[in-house]
Amino acid sequence: MVSTAPYGAWQSPIDAELAASHGGRPNFVGTVGDEVWWVAPRPREEGRFALVRRRADGEERAVLPAPWNVRNRVFEYGGCPWAAVPRETGGPLVVFTHFTDQRLYAYEPDAPGGGGPRPLTPLSPVGGGRRWADPVLLPERGEVWCVLEEFTGEGPSDVRRVPVAVPLDGSAAEDRGAVRELAPDTHRFVTGPRLSPDGRRVAWIAWDHPRMPWEGTELRTAEVTGDGRFSGARTVLGGPAEAVAQVEWAPDGSLLAATDRSGWWNLHRVDPDTGELTALCRREEEFAGPLWVPGLRWFAPLPHGLIAVVHGRGAAVLGILDPATGEVVDAAGPWTEWAATLAVSGTRAVGVAASPRGAYEVVELDACTGRARAIGARHVDRVDAAYYPEPRIRVFTGPGGREIHAHVHPPHNPDFTGPADELPPYVVWAHGGPTARVPLVLDLEIAYFTSRGIGVVEVNYGGSTGYGREYRERLRGRWGVVDVEDCAAVAEALAAEGTADRARLAIRGGSAGGWTAACSLTATGLYACATILYPVLDLLTWARGGTHDFESRYPDSLIGPVEDADRYRERSPLARADRVSTPFLLLQGLADPICPPAQSERFLEAIAGHGVPHAYLTFEGEGHGFRRADTMVRALQAELSLYARTFGVTAPGVPALELVK
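These notes cover the structure that comes with them. (Residues numbered from 1 in each chain as written. Predicted model: local features only at pLDDT ≥ 70, side-chain atom pairs only at ≥ 80, totals over all residues. Heavy atoms only, no water.)

### Focus: helix H4 (residues 482-496)
- Helix length check: H4 (15 residues) gives 20 Å between terminal C-alpha atoms against 21 Å at 1.5 Å per residue, within 8%.
- Along H4, eleven of the 15 residues are buried, which leaves the element largely enclosed by surrounding structure.
- All of the buried residues in H4 are Val 482, Asp 483, Val 484, Asp 486, Cys 487, Ala 488, Ala 489, Val 490, Ala 491, Leu 494 and Ala 495.
- Next to the buried residues of H4 lie strand S31 (392-397), strand S32 (403-409), strand S34 (426-430), strand S35 (455-460), strand S36 (505-510) and helix H5 (512-523).
- Directly beyond the C-terminal end of H4, a positive phi value near 85° is found at Gly 498. (Helix = DSSP H or I, 4+ residues; strand = E, 2+ residues; numbered from the N terminus. Expected span 1.5 Å × (residues − 1). Buried < 20%, exposed > 50% of the residue type's maximum accessible area, 1.4 Å probe, protein only. Contact = heavy atoms within 4.5 Å.)

Spelled out as structure tokens, the structure:
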């Protein structure tokens, strides 16, 4: 029987513990012989990332026990942390980075005697020293090639990055001098090198400040000398206004790259000497995305000439591209969103995919038969799927008639309905990045709210990826303006059409989304409250050495030259804290190197004495983005309590959040 109860007060089987255990997704998938391996989050194991292998018989098991944490801090967000190769005897050889000490290790999981991982690189100070990512394992050379990020001083910008070769015999474990640099550090940022099938050439991507990798990068190629060094390095594609997102060698020795010179990331064949391009599938779709970390993979060439591609406009799906005809055949199945991680083996393409009714799982596509099936990390409904949201894709109209893409998740619970004379509250979710996109997939954090009668709308505001370069460049010079306007326009539209209660609108965001949420509180009186997670709040300090090197020049394009200090101050929530009058919840990891807690503390000092109800929760050991189950549980419960208190309802079974003024 369906009961009538106020929106926000519905009872739900989706509790915070269930939502927290559902956090994260498989990533950095790869094939090792007949096996498929990937990195999997473990929120209940102190937030570690486990390396998982799926054997040919379907058995899944962790390659390494806790507390081994297969993750690194290159670019602070962490690049691909592992590589492995099969061997005729003794089982596979794997190299990986361990988060705790940032060293590179080698391990033989099937070796007799059960020996543990052995370090390949020197120990260095946690949080600094040296980091390694995007490895390519070359046992025939006795080396692993990867990116080295090496700090040379105390400041976040005292750092160099260079492609290197690390010996597999362990001789560099105590000797940095045994690490061989493959090319001069002529660029600020590099991805891992990709070796041609004949071993004679190499390709990688590089760029420099002030550009971000979605603004302008260079495709670099070189010859590999007899002693394994790079010779004659040159740029063959890209530049300040062209972003090359990925490069791979095809089995026939040709070079493939995704570049956005047309305004869309399309796939091309590249002459490695001249840079001459041949478009393989010219469409107003994205065949790549923003290169936030080294090791992302939107396409992977198959042995017989076909190419597995993740592509789309907005939602990204898996297809098989025939470069001879430009035709793409998409994988059938329930999956509507594929992540930027692909691997191939024979005729198989393996990726990570999800849908609005199922979380991310590892999926295999047979390019010959067209059959796709989930093979790992399979989605399991922990509760009746009737409690999941029923989202709708919407396109709203913003200022000046511009399009705004969004996902609307109305309140939904088979056991409850709201009063006939009441409209539901809604929370606007602003994604991080801001050069990113929120996918339309099952998210139990959203279900945690919608199943209690609180609607959620996810906004892919101007600046988001997936809709071409023009759409993502709407934010150029206007961060804190366009994103705020677009979120407000969507909220206003939902209220105007009678979908949402105008008096009970909230906004929520983390990282760059936290900036948008905080800016919204200072720029508009639209929202009744806000949840702000690990945000950017003091932009001038952040841009002048208050964050990590990778994003330290990001504001150049988002705001303008840092020399324009007045614009930075005026745009920052910190400088406009006196305009905040609505309640908010501020959540901060105390080990966050990207948005340090000092910013949150200065913001709280600025509102002190203004009588604004708020709560500030901090979490020891958490960085940028929460990974531990207990942290996520506490954060979700506090957020729900804020909404219940602000919207005037009682949330059953949720600890009350204490607000101070």
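### Remarks on the sheet that holds S32
- Read from one edge of the open sheet, eight strands run S31-S32-S35-S34-S36-S37-S38-S39, paired in mixed fashion. Single-partner strands in this sheet number two, and they are S31 and strand S39 (614-619). For this sheet, the mean angle separating the axes of adjacent strands, direction not counted, is 20°.
- Where S32 meets S35, five bridges bridge the pair, whose relative direction is antiparallel. Residue pairing across strands places Ala 406 opposite Val 459, the latter belonging to S35.
- Contacts from helix H9 (residues 597-607) reach strand S38 (584-589) and S39 within the one sheet, and its direction differs from that of S38 by about 150°. (Pairing = 2+ DSSP bridges. Axes fitted to C-alpha atoms, helices over the stretch in contact; angles between N-to-C directions.)

### As for the nonpolar core
- By size, the foremost hydrophobic cluster in this structure holds 113 residues, and its most contacted members are Trp 82, Leu 219, Val 457, Trp 479, Tyr 527 and Phe 584.
- Looking at this core, the element that brings in the most residues is H4, giving eight residues.
- Setting aside residues no more than four positions away along its own chain, Phe 584 makes contact with Leu 521, Ala 530, Ile 532, Phe 603, Leu 604, Ile 607, Val 612, Pro 613, His 614, Ala 615 and Leu 642.
- The next biggest cluster of nonpolar side chains, apart from the first, holds 46 residues, and it includes Leu 18, Tyr 387, Leu 587 and Leu 640. (Core = buried A, V, L, I, M, F, W, Y, C linked by side-chain atoms within 4.5 Å.)

### Describing the packing of H4 against H5
- In the contact formed by H4 and H5, the axes pass within 9 Å of each other and the chain directions differ by 75°. As judged from the angle between their axes, H4 and H5 are roughly perpendicular. Within the contact between the two elements, H4 uses Asp 483, Val 484 and Cys 487 and H5 uses Trp 515, Thr 516, Cys 519, Ser 520 and Ala 523.
- Residues that form the contact of H4 with H5 fall into these classes: five nonpolar, two polar and one charged. (Parallel < 35°, antiparallel > 145°, perpendicular 65-115°, else oblique. Nonpolar A, V, L, I, M, F, W, Y, C, P; charged D, E, K, R; others polar.)

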